[in-house]
Amino acid sequence: MPEIANKFIRNFCIIAHIDHGKSTLADRLLEFTGTVTRREMKEQLLDDMQLERDRGITIKARAVRMMYMYEGNEYEMNLIDTPGHVDFHYEVSRSLACCEGAILVVDAAQGVEAQTLANAFAAMNSNLTIVPIINKIDLVNARIEEVLLEMEQTLAIDSSEVLKVSAKTGVGIEGLCAALIQRIPEPKGDPEAILQAMVFDSHYDDYRGAITYIRVINGRLSRGMKIRFLRTNSTHEILELGQFTPQRTACNVLLAGEVGYIICNIKSLKLVHIGDTVTIAGDNGAPALEGYKPPKRMVYCGLYPSDGQEFTELRDALEKLAMNDPSFEFEPETSDALGFGFRCGFLGLLHMEIVQQRLEQESNIDLIQTAPNVTYEILNKNGETFQIHKPQDVPDSGQIEEFRQPIVRVNLIQPAEFIGNVMKLCQDRRGVLVRQEYLSPQRTMIVYDIPLAEVIYDLHDKLKSATRGYGTMDYEVIGYQPADLVKLDILVNAVRVDALSVICHRYDAERRGRGVCKRLKDEIDRHMFEVAIQAAIGGRIIARESKPAMRKNVTAKCYGGDISRKKKLWAKQKEGKKRMKAIGQVEIPQKAFLAVLDTGEE
Ligand SMILES: Nc1nc2c(ncn2[C@@H]2O[C@H](COP(=O)(O)OP(=O)(O)OP(=O)(O)O)[C@@H](O)[C@H]2O)c(=O)[nH]1
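Residues numbered from 1 in each chain as written. Predicted model: local features only at pLDDT ≥ 70, side-chain atom pairs only at ≥ 80, totals over all residues. Heavy atoms only, no water.

Basically, it comes down to this: UniProt positions are given in the numbering used here, feature names are shortened, and annotations may be inferred rather than shown by experiment.
An unreviewed UniProt entry annotates the chain as Elongation factor 4 of Anatilimnocola aggregata. Quoted verbatim from the Catalytic activity (unreviewed entry) field of UniProt, the annotation for the chain is "GTP + H2O = GDP + phosphate + H(+)".

1. Comments concerning the overall build of the chain
Operational definition: A run of H or I in DSSP becomes a helix once it reaches four residues, and a run of E becomes a strand once it reaches two; helices and strands are each numbered from the N terminus. Classification of residues uses two cut-offs on accessible area relative to the type maximum, computed with a 1.4 Å probe and protein chains only: under 20% is buried, over 50% is exposed, and between them is partly exposed. The contact criterion used is simple: two residues touch if any of their non-hydrogen atoms lie within 4.5 Å. Reported accessibility uses the Shrake-Rupley method at a 1.4 Å probe radius. Residues are deemed covered only where the shown protein chains occlude them.
Scanning the chain from terminus to terminus reveals 13 helices and 32 strands. When burial is assessed residue by residue, the chain has 55% of its 602 residues classed as buried. Sequence separation of at least 24 residues holds for 70% of the intrachain contacts in the chain that already meet a minimum separation of 6. Accessible surface computed for the chain: about 27,300 Å², of which carbon and sulfur atoms make up 48%.

2. Quick look at the sheet that holds strand β15 (residues 259-263)
Note the following rule: Here, strands pair whenever DSSP counts at least two bridges between them. Helix axes use the C-alpha atoms of the stretch in contact, all axes being lines fitted to C-alpha atoms, and the angles between their N-to-C directions lie in the range 0 to 180 degrees.
With antiparallel pairing, the 8 strands of this open sheet are ordered in space as β11-β10-β16-β7-β8-β15-β12-β13. The strands lining the two open edges of the sheet, one partner per strand, are β11 (234-237) and β13 (248-251). For this sheet, the mean inter-axis angle between neighbouring strands, taken without regard to orientation, is 40°. Of the pairings in the sheet, the one linking strand β10 (residues 226-229) to strand β16 (residues 277-280) comprises 3 bridges and is antiparallel in character. If you follow phenylalanine 229 over to β16, its bridge partner there is valine 278.

3. Details of the packing of helix α1 (residues 22-32) against helix α6 (residues 173-183)
Counted only if it meets this: Comment on the angle field: the value is read as roughly parallel under 35 degrees, roughly antiparallel over 145, roughly perpendicular from 65 to 115, and oblique elsewhere. Three classes are used: nonpolar for Ala, Val, Leu, Ile, Met, Phe, Trp, Tyr, Cys and Pro, charged for Asp, Glu, Lys and Arg, and polar for all others, with Gly counted as polar.
Relative to each other, α1 and α6 sit at 85°, their axes nearing to 10 Å. Relative to α6, the element α1 is oriented roughly perpendicular. Judged by residue contacts, Leu25, Arg28, Leu29 and Phe32 of α1 engage Ile173, Glu174, Leu176 and Cys177 from α6. Of the residues that constitute the contact of α1 with α6, the class distribution is 6 nonpolar, no polar and 2 charged.

4. Quick word on the packing of aromatic side chains
Threshold: A pair of aromatic rings is counted whenever rings of Phe, Tyr or Trp (Trp by its six-membered ring) have centres within 6.5 Å, and the orientation is called stacked for planes under 30 degrees apart, edge-to-face for over 60 and tilted otherwise. Counting as a charge over the ring demands two things of the Lys NZ or Arg CZ atom: a distance within 6 Å of the ring centre and an angle within 35 degrees of the ring normal.
Applying the stated criterion across every chain, the model contains 12 aromatic pairs. Here phenylalanine 200 and tyrosine 213 contribute two aromatic rings whose centre-to-centre distance is 5.9 Å and whose plane-to-plane angle is 80°, an arrangement assigned as edge-to-face. Note that phenylalanine 200 is positioned in strand β7 (residues 196-205) and tyrosine 213 in strand β8 (residues 209-218), a separation of 13 residues in sequence. An aromatic cluster is built from Phe311, Phe328, Phe330, Phe340, Phe342 and Phe346, whose rings are joined through pairwise contacts. The side chain of arginine 248 reaches across the aromatic face of tyrosine 261, ending 6.0 Å from its centre.

5. Some points on the UniProt feature "binding site: GTP" (unreviewed entry) in the chain
Under the local residue numbering, the UniProt record ascribes the feature "binding site: GTP" (unreviewed entry) to Asp19, His20, Gly21, Lys22, Ser23, Thr24, Asn135, Lys136, Ile137 and Asp138. Structurally, aspartate 19 is set in the loop between β1 (9-16) and α1. Inspection of the secondary structure puts lysine 22 in helix α1.

6. Some points on the state of the cysteines
Condition: In what follows, a disulfide is any cysteine sulfur pair within 2.5 Å.
In total, this model carries 0 disulfides according to the counting rule given. Here cysteine 344 stays free of any disulfide, with the sulfur of cysteine 301 as its closest cysteine sulfur at 5.7 Å. You can call cysteine 344 buried: its relative accessible area is 0%.

7. Concerning the domain arrangement of the chain
Let me state the cut-off plainly: Domain delimitation in this document rests on an assignment produced automatically or drawn from a domain database. The buried area of a pairing is the accessible area, by a 1.4 Å probe, that goes missing from both parts when the two are put together, added over both. For salt bridges, the criterion is a side-chain nitrogen of Lys or Arg within 4 Å of an Asp or Glu carboxyl oxygen. Identification of polar contacts relies on pairs of N or O atoms within 3.5 Å, with a donor-acceptor requirement for protein atoms, meaning one able to donate a hydrogen and the other able to accept it, and with residues adjacent in sequence counted only if both atoms are side-chain atoms.
According to the domain assignment, the chain contains domain 1 (6-183), domain 2 (196-280), domain 3 (299-371), domain 4 (376-483) and domain 5 (487-597). Contact with domain 4 buries area across many residues of domain 3, yet Tyr300, Arg343 and Leu349 alone supply 60% of it, more than any other trio. For the interface between domain 3 and domain 4, the tally reads 1 salt bridge. Of the charged contacts in the structure, one is a salt bridge between glutamate 333 and lysine 390, with a shortest N-O distance of 3.1 Å. Along the contact surface separating domain 3 from domain 4 lie 2 residue pairs in polar contact (both at pLDDT 80 or more). Here the residues of the side of domain 3 that touches domain 4 are counted per class, giving 3 nonpolar, no polar and 2 charged.

8. A few points about the side chain of aspartate 449
As for its placement among the helices and strands, aspartate 449 is situated in strand β26 (residues 443-451). Once you skip the residues sitting within four places of it in the chain, aspartate 449 turns out to touch Ile407, Val408, Arg409, Arg430, Gly431, Val432, Val434 and Ile478.

9. What to know about the pattern of salt bridges
When the charged atoms of two side chains with opposite charge come close together, those side chains can pair. This structure, assessed with the given rule, holds 25 salt bridges. Among the salt bridges present, the one from arginine 215 reaches glutamate 100, with a minimum N-O distance of 3.0 Å. Pair noted here: arginine 215 is in strand β8 and glutamate 100 is in the loop between α3 (89-97) and β4 (101-107), with a separation of 115 residues, a long-range link. What makes arginine 215 buried here is its relative accessible area of 3%.

10. Concerning the nonpolar core
Across soluble globular proteins, nonpolar side chains have a tendency to be buried as a group. Convention followed: Buried Ala, Val, Leu, Ile, Met, Phe, Trp, Tyr and Cys residues that are joined via side-chain atoms within 4.5 Å together make up what is termed a nonpolar core.
Residues Leu412 and Val455 are the most contacted members of the largest nonpolar core, which totals 46 residues. It is helix α10 (residues 452-466) that contributes the most residues to this core, 7 residues altogether. Counting residues domain by domain, this core receives three or more from each of domain 3 (299-371) and domain 4 (376-483). Beyond its immediate chain neighbours, meaning those up to four positions away, valine 455 contacts Val408, Val410, Ile450, Met473 and Tyr475. Among the nonpolar cores identified, the runner-up in size contains 39 residues, and Ala123, Ile134, Ile413 and Met445 belong to it.

Laid out in structure tokens, this is it:
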């Protein structure tokens with residue numbers, strides 16, 4: 001592979017709201033530049049994970065090199081595919097940092113949506129050159145003029161700069177390639193300087209170990225070179241380096257400005273942090289690039305095998321998953337009710353769903369999941385602050401000075417007619433209105449600050465139903481705020497069932513407590529004795545349900561006769577039941593743990 005001067009390199013990504021056609025556009029670019037032939041073209045080549053295909057969303061960033069002849073010169077065009085969902089914000093921001101430009105895709109029918117804005121602002125903040133396009137112009141319900149207006153109104157994009165494309169039919173792709181070359185600046189960076197490269201993604205290959213995706217900012221990478229990852233301070237030798245074309249294609253050097261991968265026989269992705277800097281081994285390396293952030297896990301839940309025997313299988317499956325997904329974390333925990341299992345941390349709710357689905361697909365383990373909770377912060381009376389990942393860790397209320405919860409700023413975009421519904425939805429979830437604006441006469445954006453705990457359960461689903469599917473949202477964590485939070489315990493026959501405890505707002509505790517007790521009553525089978533199901537805050541019971549005992553007709557054999565004999569039999573039965581209750585264990589079916597997951601509305 002010949003070395004290419006910076007002025008013939010263009011690094012860019014595609015940013016879009018989900019389903020606006022990012023992957024389809026990437027496919028068309030690959031096809032148009034001859035990187036893959038039509039015959040090789042599987043639809044949406046970049047979404048190669050089975051799950052991504054199933055769900056139709058892009059989870060991990062990918063990088064592909066395309067070579068393109070333009071006005072007599074051959075250009076190296078590196079396309080970095082970014083995930084579009086809020087949970088993967090950080091990965092998006094890292095891929096942005098590896099590019100000089102971004103194609104901003106807006107669907108001609110849907111118009112500007114919440115993640116269009118979030119991603120576009122992120123790209124602008126990273127000083128990327130935006131190449132705006134309206135995609136799907138072939139649709140009969142395309143409303144190009146209005147969408148142009150929305151883009152101008154929200155993002156100050158000049159309509160004359162917007163290209164009109166159909167990623168499906170290929171219309172406008174040639175013009176887009178020309179615009180990429182003309183508008184996006186060449187990468188800066190000095191190939192002669194000390195090596196400084198940014199890790200923007202990684203994945204695990206069973207045979208080769210970690211495959212690390214990097215963008216060389218300064219200097220050069222070559223085979224056999226000794227390098228150092230600054231975060232972990234670990235030193236490795238480069239066994240192979242290359243680019244994705246889109247298959248892995250090895251080469252000898254990668255120069256400043258280029259994007260590619262390195263393989264160093266690293267056996268765990270724990271050493272490879274997204275956002276980390278790679279430099280030469282030894283003490284003369286370059287400093288770290290700015291902006292590294294460790295992944296922030298905001299949602300936690302317990303995962304237990306429903307068959308206790310499968311604990312080791314579950315651990316192996318989780319380890320395998322974590323190897324390929326450094327933002328997922330787990331640690332063993334035990335629960336009185338569920339036995340041995342794991343507490344798992346995720347970036348967000350979608351991330352949690354994805355991990356669960358993968359577990360189910362890739363292993364045959366039947367899982368029980370406990371109610372998800374967010375990461376809380378507690379300031380205790382001694383002035384110490386610590387984070388809480390599970391309700392069981394909440395100390396006695398006497399020790400708590402301040403209980404804090406994460407707050408997110410949510411942008412919601414919807415047709416103007418639904419604004420009332422959406423505002424009610426946010427207000428019901430303790431949202432505080434930040435601002436409201438019109439994107440065009442038909443569409444509005446409202447911004448609310450809402451506790452993350454209220455958002456993760458069901459805000460997205462509820463938004464969709466409140467807006468007939470037209471509303472979209474995006475959020476970012478803005479910090480922690482004190483709140484009147486309590487730990488709500490569930491007691492079954494006076495025994496606390498740890499896996500059913502949740503943290504919630506004090507005002508909400510009663511409603512939730514009642515809801516859970518009711519649902520549990522339906523789920524628990526009748527026993528020989530009455531089963532009391534209670535919800536409590538500390539020592540105070542706030543809700544109660546009881547499941548009546550199975551009745552055995554002990555007087556069936558007494559035909560008529562003396563009532564005192566019946567009374568005697570009943571008294572004996574009562575006595576027996578009392579004894580049973582004291583020693584009896586209530587069986588809580590697994591379904592009951594799932595029933596309380598739905599802790600939102602009754
Ligand atoms: N009619 C029409 N449909 C298109 C066009 N581009 C994409 N689509 C369709 O829009 C849907 C979403 O496209 P994707 O490429 O999967 O969207 P995406 O933005 O990559 O979605 P995520 O990976 O979930 O972020 C698919 O059904 C595509 O076939 C287009 O130009 N015209």
